[in-house]
Amino acid sequence: WALHLKNITISLSGQYECSFATYPYGTKAAKIQLIVKAEEEQHYVKEVQLNQTLEIPCREDMTSENLSSYPLKWLVGENGREEELVTKEPSCPAVYRNGSTLYRQRVHLALNNTLKIFPTKITDDGRVFSCHVVYHPERVQKSSTTVRVFGK
């Protein structure tokens, strides 16, 4: 038997019991504790001078070795729209998405999965760069960094 849940929310956390009658042995039952956690997301702000190199780590709290065995992607967002910049599968080279004319020649994924942007432009100000690490199809950790660009 299987229990299928849709539209998962934290309120679905709790103990679940499956019981059924067996003949001639009586009732059989099994219990399981379900814990639903909120999506893990961290937010940062990074300040950079105009025309300098901007480096944004994928996860401030993790080493690159911990990330190298999981797929990840970098996105840039503004006004509710997100655009994929680069994706990285384990043991494969990074794949750059050339749809963005604003970042086409300026984006590089460093060995430690840090996103490097050079040179920074005034149009980068206020943009949100997000790194998504897929630990499991249902467990994605997101780290978002809002960029502030200052002139000299």
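Quick caveat: nothing in here was measured; it's all calculated off a predicted structure.

### Focus: the sheet that holds strand E6 (residues 81-88)
Here six strands make up an open sheet; going across it, the order is E3-E11-E10-E5-E6-E7 and the pairing mixed. In this open sheet, the two strands that pair with only one neighbour each are strand E3 (41-49) and strand E7 (95-96). Across six bridges, strand E5 (residues 72-78) lies against strand E10 (residues 128-136) in antiparallel orientation. Following the sheet pairing, glycine 77 is matched in E10 by valine 128.

### Things to note about the nonpolar core
Residues Trp74, Leu85, Tyr103, Leu115, Ile117, Phe129 and Val147 are the most contacted members of the largest nonpolar core, which totals 20 residues. At the level of elements, strand E4 (54-56), E5, E6, strand E8 (107-109), strand E9 (115-117), E10 and strand E11 (139-150) are the ones that each hand at least two residues to this core. Among the elements that line this core, the one with the most residues is E10, at four residues.

### Thoughts on the packing of aromatic side chains
Within this structure, the stated rule accounts for two aromatic pairs. With centroids separated by 4.6 Å and ring planes inclined at 65 degrees, the aromatic side chains of tyrosine 70 and tyrosine 135 adopt a geometry described as edge-to-face. Residue tyrosine 70 is located in the loop between helix H1 (64-67) and E5, and its partner tyrosine 135 is located in strand E10; the two are separated by 65 residues in the primary sequence. Overall, tyrosine 70 belongs to the partly exposed group, its relative accessible area being 29%. A relative accessible area of 18% means that tyrosine 135 is categorised as buried. Judged by centre distance (5.7 Å) and plane angle (85 degrees), the ring pair of tyrosine 103 and phenylalanine 129 falls under edge-to-face. Here phenylalanine 129 lies in strand E10 and tyrosine 103 lies in the loop between E7 and E8, a separation of 26 residues in the sequence. With respect to burial, tyrosine 103 and phenylalanine 129 carry one shared label: buried.

### A word on the pattern of salt bridges
Side-chain pairing between opposite charges can occur once the charged atoms of the two side chains come close. Under the definition given, this model contains five salt bridges. Across the pair lysine 73 and glutamate 84 runs a salt bridge, and its minimum N-O distance is 4.0 Å. With a gap of 11 residues between them, lysine 73 in strand E5 and glutamate 84 in strand E6 connect regions that are remote in the sequence. Glutamate 84 gets classed as partly exposed once you look at its relative accessible area, which sits at 26%. Overlapping salt bridges bring together Lys73, Glu84 and Arg97 as one network.

### Quick look at the pairing of E11
By the bridge criterion, nine bridges tie E3 to E11 in an arrangement that is parallel. The residue bridging glutamate 47 from the neighbouring strand is arginine 148, located in E11. The pairing of E10 with E11 spans eight bridges and is classified as antiparallel. In the strand pairing of E11, histidine 136 is matched with arginine 139. Counting the residues that bridge the hairpin from E10 to E11 gives two residues.

Scoring rules and cut-offs
- Residues numbered from 1 in each chain as written.
- Predicted model: local features only at pLDDT ≥ 70, side-chain atom pairs only at ≥ 80, totals over all residues.
- Heavy atoms only, no water.
- Pairing = 2+ DSSP bridges.
- Helix = DSSP H or I, 4+ residues; strand = E, 2+ residues; numbered from the N terminus.
- Core = buried A, V, L, I, M, F, W, Y, C linked by side-chain atoms within 4.5 Å.
- Buried < 20%, exposed > 50% of the residue type's maximum accessible area, 1.4 Å probe, protein only.
- Phe/Tyr/Trp six-rings, centres within 6.5 Å; stacked < 30°, edge-to-face > 60°.
- Salt bridge = Lys/Arg side-chain N within 4 Å of Asp/Glu carboxyl O.

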